[in-house]
Protein chains: 2
Amino acid sequence: MASSPDRPPQKTGLPRRAPTAHDVAALAGVSQSAVSRCFTPGASISDDTRRRVQAAAEQLGYRPNLIARSLIKRRSTIIGVVIPGLQNPFYSSVLEALSADLAAAGYRILLFNAPARGTPDPVLDEVLNYRVDALILVSSTLSSGLADECQNIGLPVVQLNRTAERSTVSSVVGDNHGGAATVARFLLACEHQRFAFIAGLETASTSREREAAFLATIEEAGKPVQRAVAHYAFDEAQTAARMLLGSDAPPDAIFCANDYMALAVLGVARAEFGLTVGRDISIAGFDDLPMAAWPEFSLTTFRQPVRAMSARAVAMIDAQLQGTDSGRSEVVAGDLVVRGSTRVPAYGVVEVENERVWRP
Amino acid sequence: MASSPDRPPQKTGLPRRAPTAHDVAALAGVSQSAVSRCFTPGASISDDTRRRVQAAAEQLGYRPNLIARSLIKRRSTIIGVVIPGLQNPFYSSVLEALSADLAAAGYRILLFNAPARGTPDPVLDEVLNYRVDALILVSSTLSSGLADECQNIGLPVVQLNRTAERSTVSSVVGDNHGGAATVARFLLACEHQRFAFIAGLETASTSREREAAFLATIEEAGKPVQRAVAHYAFDEAQTAARMLLGSDAPPDAIFCANDYMALAVLGVARAEFGLTVGRDISIAGFDDLPMAAWPEFSLTTFRQPVRAMSARAVAMIDAQLQGTDSGRSEVVAGDLVVRGSTRVPAYGVVEVENERVWRP
DNA sequence: ATGAAAGCGCTAACAC
DNA sequence: GTGTTAGCGCTTTCAT
């Protein structure tokens with residue numbers, strides 16, 4: 001019943017033909033373009049025709065083929081999203097936010113889950129062949145060469161949670177510098193003496209910026225800072241924690257380049273070293289994962305407002321697609337959320353919306 | 001340099017034209033079909049032509065347009081993946097696994113993040129218009145009507161972590177029945193007396209199956225079982241825990257329909273009721289999230305082998321696309337991983353690959 | 001091995 | 001308002 005009799009038999013090998021606008025037109029006794037108009041929001045079409053077309057379409061189970069439409073309009077309304085492993089809940093949050101914001105803006109997501117480390121971009125290259133309307137690169141450690149290349153092609157690109165020097169690609173990032181400096185000042189205000197920083201990926205702008213600001217602020221205060229690298233990996237963060245806490249002069253304050261590592265460090269400090277976190281030692285992170293607020297962790301951390309960052313990124317994409325804007329960099333402000341994993345300084349803690357934040 | 005002189009000027013409004021196979025052909029002095037062959041794996045083409053085409057393509061920055069190809073081949077090599085909120089790490093893991101497995105099989109993911117509750121499927125409907133080659137529905141609480149509809153259209157569909165009665169749609173699920181029964185027997189072996197079950201979504205097959213098996217097994221043993229519903233939501237699980245633990249006859253063993261809720265319950269039991277979990281009370285979950293193994297939780301749980309489930313789902317999709325198989329249901333076996341959130345029974349605990357599992 | 005020609009399913013002028 | 005006519009960029013016979 002769904003097959004039109006006046007069409008050549010289906011070629012073998014190819015998937016079964018779905019009803020086309022042609023089939024609908026034939027059944028409704030109108031031209032194929034009438035069918036097209038019927039499915040085009042602002043098109044001029046009579047109520048009568050519309051009804052007949054809709055009836056025929058329904059009967060046939062017709063669905064407009066967006067692939068064909070994309071071919072003509074040179075617009076797929078699909079946005080490529082490149083994101084590293086979703087193990088770290090920060091990325092799940094980002095993806096979820098992007099998914100919501102892009103859907104609201106009428107876009108679909110072509111997902112590309114790229115391992116944070118290693119592999120340049122074999123398959124990713126292919127994603128471009130799908131003619132995505134734009135690309136959102138989340139913390140991709142990919143050579144920013146790719147991003148630049150896309151930009152040259154005229155493809156809108158936004159980097160989320162990553163900046164690249166000598167690149168004109170737009171980006172949205174949290175306040176890495178300000179945040180890390182704030183954490184440093186906070187820990188100093190807690191009167192800690194021996195500091196440590198656990199870095200993420202040394203190739204990541206996030207880790208580098210946070211480290212630079214943290215170290216500079218601590219050293220400026222004349223205090224010693226140790227340093228370890230854990231590549232944003234949970235197990236490596238555990239190893240780093242064991243190393244630091246097991247040393248001769250263990251730190252009494254550790255700042256981790258992100259929450260995910262901080263959670264690992266927290267576990268080691270408590271379970272393996274019997275420390276009471278927040279008293280014997282302060283541990284702070286960066287991101288403010290949903291989990292950071294859980295009672296088991298109660299992690300003091302500098303918040304990256306994921307929703308806001310996502311919204312900005314989507315707005316930038318939209319602007320670029322509208323040709324309104326060629327894009328630039330934006331820094332989204334955050335807050336230092338004070339919880340139980342650190343000591344509490346004598347000043348600066350204020351309550352805002354049921355949360356304690358540090359605003360000295 | 002990238003614009004071909006013998007083509008009409010670009011129409012306004014439409015995005016800038018990217019170089020086409022035509023442009024490459026002109027530059028290389030061959031026919032457009034030669035260019036096509038050059039980018040088609042098994043096509044017959046001379047080395048000489050291939051080189052010239054490749055040179056021209058490179059010079060122009062040509063990328064084969066997969067949209068156009070999809071139109072002809074009626075194959076997009078894109079799989080639609082519908083998944084509920086990524087807040088629950090179980091779904092992040094599933095998505096990550098699917099992403100890897102689908103990429104390895106040559107597919108791309110069109111992501112659709114559907115809230116677990118509420119909204120029927122407004123935008124999702126549109127996903128089908130993109131002519132995805134298949135659909136993977138992860139725990140979608142969507143009416144299975146959608147799934148059936150797709151199947152009728154001839155679109156391969158696989159449900160992951162969900163079954164639907166009176167539906168012929170393929171599915172891959174963990175061992176909900178066996179797993180929950182095992183947890184029940186385990187908690188009985190721990191000699192608990194008062195049991196409780198915290199359900200997820202009452203519309204979800206996962207929650208229903210787990211509940212049925214758990215309750216049946218406990219009641220068979222003649223023990224009392226309380227019940228609460230938390231819709232797989234973190235905060236609702238906390239509320240349920242407060243209700244249960246604050247009652248006159250609080251349970252001494254709680255089985256949660258998934259780990260995510262179990263983690264919430266764990267926190268409440270400890271932080272708000274001062275219980276030593278694993279001694280005063282046993283708390284068990286279902287899934288075995290990566291976090292379940294973290295020292296802060298050390299959650300006893302029935303494992304759902306995500307990688308295996310993903311692999312099976314992708315294999316089923318492949319089979320359906322090959323026409324090899326129309327699909328059926330598969331149950332992937334799991335193990336009860338014994339950790340610190342429960343008492344340890346006198347028998348049945350064995351060590352397997354550095355883990356304790358219960359195999360009575 | 002290569003080119004010409006005919007579409008894939010749709011949108012977008014352009015006449016009527 | 002509606003039909004007609006060109007394509008969008010590519011793959012695929014079919015000749016050569």
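- Per an unreviewed UniProt entry, chain A goes by HTH-type transcriptional repressor CytR and derives from Cupriavidus pampae.

### What about the UniProt feature "domain: HTH lacI-type" (unreviewed entry) in chain A?
Inference 1: Here the UniProt feature "domain: HTH lacI-type" (unreviewed entry) sits at residues 19–73 of chain A.
Inference 2: Within residues 19–73 of chain A, the helical portion is 67% and the strand portion 0%, while the C-alpha atoms at the span's ends are 21 Å from each other.

### A short note on the protein's contact with DNA strand C
Inference 1: The immediate surroundings of DNA strand C are formed by 27 residues, with A:Ala21, A:Ser36, A:Ile72, B:Arg37 and B:Thr49 found nearest.
Inference 2: Of all DNA strand C atoms lying within 4 Å of any protein atom, the proportion belonging to sugar or phosphate reaches 64%.
Inference 3: At a separation of 3.4 Å, a phosphate oxygen of DNA strand C approaches a polar side-chain atom of B:Ser44.
Inference 4: Within the residue set of the surface near DNA strand C, elements represented by two or more residues are α2 (32–38) and α4 (66–73) of chain A together with α2 (32–38) and α4 (66–73) of chain B.
Inference 5: Grouping the amino acids of the surface near DNA strand C by side-chain chemistry returns 10 nonpolar, 10 polar and seven charged.

### With respect to the protein's contact with DNA strand D
Inference 1: Near DNA strand D lie 28 residues; those nearest to it are A:Ser33, A:Arg37, A:Thr49, B:Ala21 and B:Ser36.
Inference 2: Here DNA strand D approaches the protein such that, of its atoms within 4 Å, sugar and phosphate make up 60%.
Inference 3: In the environment of DNA strand D, a base oxygen lies 3.3 Å from a nitrogen or oxygen atom belonging to the side chain of B:Gln32.
Inference 4: The side chain of B:Arg69 places a nitrogen or oxygen atom 2.9 Å from a phosphate oxygen of DNA strand D.
Inference 5: Secondary structure elements with two or more residues in the surface near DNA strand D: α2 and α4 of chain A together with α2 and α4 of chain B.
Inference 6: Residues belonging to the surface near DNA strand D are distributed by class as follows: 10 nonpolar, 10 polar and eight charged.

### Thoughts on the nonpolar core
Side chains of a nonpolar character, in soluble globular proteins, are inclined to be buried together.
Inference 1: Within the largest apolar cluster, 170 residues are counted, with the highest numbers of intra-cluster contacts made by A:Leu95, A:Phe214, B:Leu95, B:Ile198 and B:Phe214.
Inference 2: Aside from chain neighbours lying at most four places away, what touches B:Phe214 is B:Ala180, B:Val183, B:Ala184, B:Leu187, B:Phe195, B:Ala196, B:Phe197, B:Val225 and B:Phe255.
Inference 3: In this structure, A:Leu155, B:Leu110, B:Ala114 and B:Leu155 belong to the second largest nonpolar core, which totals 38 residues.

### As for the environment of A:Val169
Residue and element names in this part refer to chain A.
Inference 1: Relative to the elements of secondary structure, Val169 occurs in the loop between β4 (157–160) and β5 (170–174).
Inference 2: Judged by relative accessible area, which is 6%, Val169 ranks as buried.
Inference 3: Sequence-distant contacts of Val169, that is, excluding residues within four places in its chain, are made with Ala147, Asp148, Gln151, Val157 and Gln159.

### A closer look at the packing of helix α8 (residues 176–189) of chain B against helix α9 (residues 205–220) of chain B
Residue and element names in this part refer to chain B.
Inference 1: It is at 8 Å that the axes of α8 and α9 come closest, and there the two elements cross at 35°. Taken as a pair, α8 and α9 cross one another with a handedness that is right-handed. Seen from α8, the contacting residues are Asn176, His177, Ala180, Ala181, Val183, Ala184, Arg185, Leu187 and Leu188; seen from α9, they are Thr206, Glu209, Arg210, Ala213, Phe214, Thr217 and Ile218.
Inference 2: Residue composition of the contact of α8 with α9, by class: nine nonpolar, four polar and three charged.

### Brief notes about the pairing of strand β13 (residues 349–352) of chain B
All names here are of chain B.
Inference 1: Both β13 and strand β14 (residues 355–358) contribute to a ladder of four bridges, which runs antiparallel. Within the sheet, the bridge partner assigned to Val350 lies in β14 and is Val357.
Inference 2: Between β13 and β14, which follow one another and run antiparallel, lie two residues, and Glu353 among them has a positive phi close to 50°.

### Looking at the domain arrangement of chain A
All names here are of chain A.
Inference 1: Each assigned domain of chain A is listed here: domain 1 (21–64), domain 2 (74–174 + 306–332) and domain 3 (176–305 + 336–358).
Inference 2: For domain 2 versus domain 3, the distance between C-alpha centres works out to 28 Å.
Inference 3: Taken together, the contacts link 18 residues of domain 2 with 17 residues of domain 3.
Inference 4: Each partner contributes to the roughly 1,400 Å² buried at the junction of domain 2 and domain 3, and carbon and sulfur atoms together form 52% of this total.
Inference 5: Connecting domain 2 to domain 3 are zero salt bridges.
Inference 6: The tally of links from domain 2 across to domain 3 stands at eight residue pairs in polar contact (both at pLDDT 80 or more).
Inference 7: Mapped onto the side of domain 2 that touches domain 3, the elements with two or more residues apiece are α5 (89–104), β5 and α12 (306–322).
Inference 8: With four residues, the single largest contributor to the side of domain 2 that touches domain 3 is α12.
Inference 9: Class assignment for the residues of the side of domain 2 that touches domain 3 results in eight nonpolar, seven polar and three charged.

### Side note on a nonpolar patch on the surface
Inference 1: A grouping of A:Leu71, A:Ile72, B:Leu71 and B:Ile72 is seen on the molecular surface, where their side chains present a nonpolar patch of about 370 Å² in accessible area.
Inference 2: Residue assignment for the nonpolar patch shows that the elements contributing at least two residues are α4 of chain A together with α4 of chain B.
Inference 3: Note that A:Leu71 resides in helix α4.
Inference 4: Taking the relative accessible area as the measure of exposure, A:Leu71 reaches 31% and is therefore partly exposed.

### Let's talk about the interface of chain A and chain B
Inference 1: Facing 58 residues of chain A, the contacting portion of chain B comprises 58 residues.
Inference 2: Taking both partners together, chain A and chain B bury about 5,400 Å²; carbon and sulfur atoms supply 61% of that area.
Inference 3: By the criterion of area lost to chain B, the three top residues of chain A are A:Arg63, A:Ile67 and A:Tyr130, representing 15% of everything that side buries.
Inference 4: Taken together, chain A and chain B are joined by six salt bridges.
Inference 5: One salt bridge connects B:Glu296 with A:Arg270, and the closest N-O pair in it is separated by 3.4 Å.

### Observations regarding the packing of α4(A) against α4(B)
Inference 1: At their nearest, the axes of α4(A) and α4(B) sit 9 Å apart, and the two run at 140° to each other. By the angle class used here, α4(A) and α4(B) are oblique. Where α4(A) crosses over α4(B), the two elements pack in a sense that is left-handed. Between α4(A), through A:Ile67, A:Ala68, A:Ser70 and A:Leu71, and α4(B), the contact on the second element is made entirely by B:Ile67, B:Ala68, B:Ser70 and B:Leu71.
Inference 2: A per-class count over the contact of α4(A) with α4(B) returns six nonpolar, two polar and no charged.

### Concerning the relation of the copies chain A and chain B
Inference 1: By a simple turn and slide, chain A fits onto chain B: the slide is 0.0 Å along the axis, the RMSD is 0.1 Å, and the turn is 180°. On this basis, the relationship between the two copies can be described by a two-fold rotation axis. In terms of proximity to the rotation axis, the leading residue of chain A is A:Leu110, whose C-alpha is 2.3 Å off the axis.
Inference 2: When the interface residues of chain A are mapped onto chain B, 100% of them again fall at the interface, so both copies present the same face.

### Describing the environment of B:Pro41
Residues and elements named next belong to chain B.
Inference 1: With respect to the helices, strands and loops of the structure, Pro41 is situated in the loop between α2 and α3 (47–60).
Inference 2: Judged by its relative accessible area of 79%, Pro41 falls in the exposed class.
Inference 3: It is 46 Å that separates the C-alpha atoms of Pro41 and Val352, two residues lying 311 residues apart in sequence.

### Side note on helix α5 (residues 89–104) of chain B
All names here are of chain B.
Inference 1: Here α5 contains 16 residues, and its C-alpha end-to-end distance of 22 Å stays within 8% of the 22 Å for a straight helix at 1.5 Å per residue.
Inference 2: Most of α5 is tucked away: 13 of the 16 residues are buried.
Inference 3: You can read the cap of α5 off the contacts: a side-chain oxygen lies 2.8 Å from the backbone nitrogen of Phe90, and it is on Asn88.
Inference 4: Phi turns positive one or two residues past the end of α5, at Gly106, with a value near 90°.

### What to know about the pairing of strand β2 (residues 108–113) of chain B
Looking along a regular strand, one sees the side chains alternate between the two faces of the sheet.
Inference 1: Taking burial as the measure, the six residues of β2(B) include six buried ones, the bulk of the element.
Inference 2: Of the two faces of β2(B), the one carrying B:Arg108, B:Leu110 and B:Phe112 and the one carrying B:Ile109, B:Leu111 and B:Asn113 are both buried.
Inference 3: Examined bridge by bridge, strand β2 (residues 108–113) of chain A and β2(B) share three bridges and lie antiparallel to one another. From the neighbouring strand, A:Leu111 faces β2(B), where its bridge partner is B:Ile109.
Inference 4: Bridge analysis of strand β1 (residues 78–83) of chain B against β2(B) gives six bridges, and the strand direction is parallel.

Rules used in this analysis
Position numbers for residues start from 1 in each chain and track the written sequence from start to end. Here the convention is simple: chains get letters from A, ligands get numbers from 1, in the order in which they are written. Where local features are concerned, this predicted model is filtered to residues with pLDDT of at least 70; where side-chain atom pairs are given and counted, the filter is 80 or more; whole-chain, interface and lining totals use all residues. Excluding hydrogens and water, the side-chain values take into account all heavy atoms of the structure. UniProt positions are given in the numbering used here, feature names are shortened, and annotations may be inferred rather than shown by experiment. Secondary structure elements are taken from DSSP: a helix is a run of H or I of four residues or more, a strand is a run of E of two residues or more, and numbering for both begins at the N terminus. Only a single heavy atom is needed: when it lies within 4 Å of a molecule or strand, its residue is near that molecule or strand. Here a polar contact means two N or O atoms within 3.5 Å. Within protein one must be a hydrogen donor candidate and the other an acceptor candidate, and residues neighboring in sequence count only if both atoms are side-chain atoms. When residue character is reported, Ala, Val, Leu, Ile, Met, Phe, Trp, Tyr, Cys and Pro are called nonpolar, Asp, Glu, Lys and Arg charged, and the others, Gly included, polar. What we call a nonpolar core is a set of buried Ala, Val, Leu, Ile, Met, Phe, Trp, Tyr and Cys residues that are connected through their side-chain atoms within 4.5 Å. Accessible area is worked out with a 1.4 Å probe on protein chains only. A residue is then buried under 20% of its type maximum, exposed over 50%, and partly exposed in between. It only takes one pair of heavy atoms within 4.5 Å for two residues to be counted as in contact. Axis geometry follows a simple rule: fit a line to the C-alpha atoms, using only the stretch in contact for helices, then measure angles between N-to-C directions, giving values from 0 to 180 degrees. By the definition used in this description, the sense in which the near helix is turned from the far one sets the handedness, with an anticlockwise turn below a right angle giving left-handed and a clockwise turn giving right-handed. We call two strands paired when DSSP finds no fewer than two bridges between them. These domain limits were set by an automatic method or by a database of domain assignments. Accessible surface is computed with a 1.4 Å probe, and the buried area is the amount of it that two parts give up when combined, taken over both parts together. Should a side-chain nitrogen of Lys or Arg be within 4 Å of a carboxyl oxygen of Asp or Glu, the pair is scored as a salt bridge. Patch membership is restricted to residues that have no salt bridge and whose relative accessible area is over 30%. Joining uses 9 Å for like charges and 5 Å for the nonpolar side chains Val, Leu, Ile, Met, Phe, Trp and Tyr. Using the Shrake-Rupley algorithm and a 1.4 Å probe, accessible areas are obtained, with residue cover drawn only from the displayed protein chains. Oblique is the label for any angle not under 35 degrees, not over 145, and not in the 65 to 115 range, which are roughly parallel, roughly antiparallel and roughly perpendicular in turn. The fit set for superposing copies consists of C-alpha atoms from residues with pLDDT of at least 70 in both; the fit itself is least squares. Helix span is expected to be 1.5 Å times the residue number reduced by one.

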